[in-house]
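Analysis of the macromolecular model
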Amino acid sequence: DTSLSGKTVLVTGASAGFGRACAERFARAGAKLVLVGRRGERLEALKEALAVPALTAVLDVRDRAAVERFAASLPPEFAEVEVLVNNAGLALGLEPAHQASLEDWEQMLDTNCRGLFVLTRSILPGMVARGRGHVVNIGSVAASYPYPGGNVYGATKAFVHQFSQNLKSDLAGTGVRVTVIEPGMAETEFSVVRMKGDAEKAKAVYAGMQPLTAEDIAETVFWCATRPAHVNVNVVELMPQAQGFGPFIVKRQ
Ligand code: NDP
Ligand code: 8X3
């Protein structure tokens, strides 16, 4: 049964972008939502707007002890997580590696990798015990295609890709599914965060082209989560029609 009506969907990074759109999409299917993020007011406003039961949790996924406490203390009506959408994440900066901030690198690693695997490890035993569940990780095209300034961000998403595939290996036969979704350019708060609040620079990233929307990604996550129970979508890579790949570069003397 792949109907998500009355089932619990836990979304990290639900206060903006893909996460918020995922919450809205799953709510339309009648799911109960657990909404995780650092900005509590945003989560409360989203909860108010959803016509389904929802629980908000102000949580920094980088805080291992807090994540473990949160997962262990989910109230019974939200404790049986059917779909875990590991979406919280960020890119910081576009400087070349020799100039980039180590603090930015650590924050990306701690959020995109450590936060994702700690929460996954905390939620998985229940899924395996129930013989059902779905972990949907948000990766990126940056996992597979290098670009200048992508350094640690792309590396964190390569981690998300391989961790997802290895999870799939461990979970084969348990009834628990694993998917990694790897989007290209999508207009959310992503670039505002990457450009450290410079809204003009962020806007310029999408100038003259039609980026993906948060709803495009939410629809993809929802599609993966509503396939028949024997179907596991391993990887979905998607990008705007207007985006493409760069050639090799050659620096000549
Ligand atoms: P947004 O900036 O719009 O949303 C990011 C979300 O992550 C926010 O809700 C934010 O909430 C949350 N978040 C960030 N850090 C933490 C933390 N430490 N603890 C808890 N929540 C956190 O960006 P997107 O929606 O675009 O990004 C979502 C995911 O998609 C990310 O993993 C990103 O890398 C990935 N992605 C984005 C692409 C794009 O072009 N937009 C393309 C490919 C992948 P809060 O600040 O309230 O904590
Ligand atoms: C976000 C997409 O191309 O900026 O993961 O890395 S990109």
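Described below are features of the structure shown in this document. Please read all numbers here as calculations on a predicted model, not as lab measurements.

Attention now moves to the sheet that holds strand β1 (residues 8-12). With respect to topology, seven strands assemble into an open sheet ordered β3-β2-β1-β4-β5-β6-β7, the strand pairing being parallel. Either end of the sheet is taken by a strand with one partner, and the two such strands are β3 (54-58) and β7 (235-238). For this sheet, the mean angle separating the axes of adjacent strands, direction not counted, is 15 degrees. The sheet contact formed by strand β5 (residues 133-138) and strand β6 (residues 176-183) spans six bridges and is parallel. The partner of I138 across the bridge, within β6, is I181.

Moving on, we get to the pairing of β5. The buried fraction of β5 amounts to six of the six residues, a majority that puts the element mostly inside the structure. In this structure, strand β4 (residues 81-86) lies alongside β5, joined through four bridges in parallel fashion. Bridge pairing links N86 to N137 in β5. You can see the chain leave β4, run along helix α5 (residues 102-130) and come back into β5, and the turn it takes is right-handed.

A rise of 1.5 Å per residue sets the reference length of α5, with its 29 residues, at 42 Å; its end C-alpha atoms lie 41 Å apart and thus fit the reference within 8%. Along its length, α5 reaches its greatest deviation from straightness, about 35 degrees, at I123, and the proline P125 lies no more than four positions downstream. Sitting at the amino-terminal end of α5 is S101, which places a side-chain oxygen 3.2 Å from the backbone nitrogen of E103.

A word on the site of ligand 1. Taken together, the neighbourhood of ligand 1 is formed by 30 residues, with S15, F18, R38, Y153 and T188 sitting nearest. One nitrogen or oxygen atom from the main chain of G13 is found 3.0 Å from an oxygen atom belonging to ligand 1. Within the side chain of R39, one N or O atom sits 2.8 Å away from an oxygen atom of ligand 1. Where the shell around ligand 1 is concerned, the elements lending two or more residues are α1 (17-28), α6 (151-171) and α7 (190-194). Class assignment for the residues of the shell around ligand 1 results in 13 nonpolar, 11 polar and six charged.

This brings us to the packing of helix α3 (residues 64-72) against α5. One can describe the packing of α3 onto α5 by two numbers: an axis separation of 9 Å at closest approach and a directional angle of 25 degrees. Looking at the two axes, α3 sits roughly parallel to α5. Where α3 crosses over α5, the two elements pack in a sense that is right-handed. Contacts between α3 and α5 involve R64, V67, E68, F70 and A71 from the first element and V118, L119, S122 and I123 from the second.

Now for the side chain of T220. Turning to its location among the elements, T220 is positioned in helix α9 (residues 214-225). At 2.8 Å, the side chain of T220 forms a polar contact with the backbone oxygen of D216.

Taken as a whole, the second largest pocket holds about 160 Å³ of empty space. Contributing to the lining of the second largest pocket are 14 residues, with E82, R132, G133, R177 and A229 lying nearest its centre. Those elements that place two or more of their residues in the lining of the second largest pocket are β4 and β5. Here the lining of the second largest pocket is composed, by residue class, of four nonpolar, six polar and four charged.

The next subject is helix α2 (residues 40-49). Residues of α2 that are buried include every one of G40, L43 and L46, and no others. Down the axis of α2, the smallest arc covering the buried residues is 125 degrees, so these residues share one side. Relative to its buried face, α2 has exposed residues pointing more than 90 degrees away, namely E41, E48 and A49. Considering only its buried residues, α2 is in contact with α1, β2 (32-37) and β3.

Let's shift gears to the pattern of salt bridges. Tallied over the full model, the rule gives nine salt bridges. Among the ionic pairs, D60 bridges to R62, the shortest N-O distance being 2.7 Å. On the basis of relative accessibility, which here comes to 32%, the residue R62 falls in the partly exposed class. Among the ionic pairs, R114 bridges to D110, the shortest N-O distance being 3.3 Å. Of the two residues, R114 and D110 both sit in helix α5, four residues apart, roughly one turn of that helix.

Bringing the site of ligand 2 into the picture now. Taken together, the neighbourhood of ligand 2 is formed by S140, A142, Y147, Y153, F190 and R194. Side-chain polar atom of S140 to an oxygen atom of ligand 2: 2.5 Å apart, as the coordinates give it. In the environment of ligand 2, an oxygen atom lies 2.6 Å from a nitrogen or oxygen atom belonging to the side chain of Y153. Starting from 240 Å² of accessible surface for ligand 2 in isolation, the protein chains cover 83%. Partitioned by chemical class, the residues of the shell around ligand 2 number four nonpolar, one polar and one charged.

The rules behind these values
- Residues numbered from 1 in each chain as written.
- Chains lettered and ligands numbered in written order.
- Predicted model: local features only at pLDDT ≥ 70, side-chain atom pairs only at ≥ 80, totals over all residues.
- Heavy atoms only, no water.
- Pairing = 2+ DSSP bridges.
- Helix = DSSP H or I, 4+ residues; strand = E, 2+ residues; numbered from the N terminus.
- Axes fitted to C-alpha atoms, helices over the stretch in contact; angles between N-to-C directions.
- Buried < 20%, exposed > 50% of the residue type's maximum accessible area, 1.4 Å probe, protein only.
- Right-handed = clockwise from strand over helix to strand, strands pointing away.
- Expected span 1.5 Å × (residues − 1).
- Bend = angle between axes of the 7 residues up to and from the residue.
- Polar contact = N/O pair within 3.5 Å; in protein donor to acceptor, adjacent residues only side chain to side chain.
- Near = heavy atom within 4 Å.
- Nonpolar A, V, L, I, M, F, W, Y, C, P; charged D, E, K, R; others polar.
- Parallel < 35°, antiparallel > 145°, perpendicular 65-115°, else oblique.
- Left-handed = near helix turned anticlockwise from the far one by under 90°.
- Contact = heavy atoms within 4.5 Å.
- 1 Å grid on protein atoms, 1.4 Å probe; cavity = no way out; pocket = protein on both sides within 12 Å on 5 of 7 lines; lining within 4 Å.
- Points joined across faces, edges and corners; volume = space filled by probe spheres on them.
- Arc of directions from axis to C-beta.
- Salt bridge = Lys/Arg side-chain N within 4 Å of Asp/Glu carboxyl O.
- Areas by Shrake-Rupley, 256 points an atom, 1.4 Å probe, with all protein chains shown as cover.

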